[in-house]
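Letter by letter, the chains look like this.
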Amino acid sequence: MYRIIYKSRSVQTLNWEIVRNITSVSEKSNEACGVTGVLLASRTHFLQAIEGRFEDVNAVFRRIARDERHEELSI
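We now turn to the structure provided with this report. (Residues numbered from 1 in each chain as written. Predicted model: local features only at pLDDT ≥ 70, side-chain atom pairs only at ≥ 80, totals over all residues. Heavy atoms only, no water.)

The antiparallel open sheet is built from 4 strands, whose spatial order is E2-E3-E1-E4. Edge positions in the sheet fall to strand E2 (36–41) and strand E4 (70–74), since each has one partner strand and no second. Ignoring strand direction, the axes of neighbouring strands in this sheet form an average angle of 20 degrees. (Pairing = 2+ DSSP bridges. Helix = DSSP H or I, 4+ residues; strand = E, 2+ residues; numbered from the N terminus. Axes fitted to C-alpha atoms, helices over the stretch in contact; angles between N-to-C directions.)

This is the structure we're talking about:
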């Protein structure tokens, strides 16, 4: 099993609706490729751990890194 933990800054103030929208889409695509994890969100930042097979985690992380809803991403 492979794991990546990253943090990033949201480009807008987060609320429950934004986080729920992110997780509802992510859960479906992550389940399809066998990736699991946890997402923590404050009003300004994300912290996420994702894990699974190396190739799958890297594919998910590349998609996350291109997401324009956050910036200042660091592993």
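This part is about the layout of surface pockets. As a volume, the largest pocket reaches approximately 490 Å³. Contributing to the lining of the largest pocket are 24 residues, with Ile 22, Ser 26, Asn 30, Leu 39 and Gln 48 lying nearest its centre. At the level of elements, strand E1 (2–10), helix H1 (16–33), E2, strand E3 (45–52) and helix H2 (54–66) are the ones that each hand at least two residues to the lining of the largest pocket. Ranked by residues supplied to the lining of the largest pocket, first place goes to H1 with 9 residues. Looking at side-chain class alone, the lining of the largest pocket contains 9 nonpolar, 10 polar and 5 charged residues. (1 Å grid on protein atoms, 1.4 Å probe; cavity = no way out; pocket = protein on both sides within 12 Å on 5 of 7 lines; lining within 4 Å. Points joined across faces, edges and corners; volume = space filled by probe spheres on them. Nonpolar A, V, L, I, M, F, W, Y, C, P; charged D, E, K, R; others polar.)

Attention shifts here to the side chain of Asn 30. Within the element layout of this structure, Asn 30 appears in helix H1. Residue class for Asn 30 comes out buried when judged on its relative accessible area of 11%. Ignoring anything within four residues of it in the chain, the contact list for Asn 30 reads Val 35, Val 60 and Arg 63. (Buried < 20%, exposed > 50% of the residue type's maximum accessible area, 1.4 Å probe, protein only. Contact = heavy atoms within 4.5 Å.)

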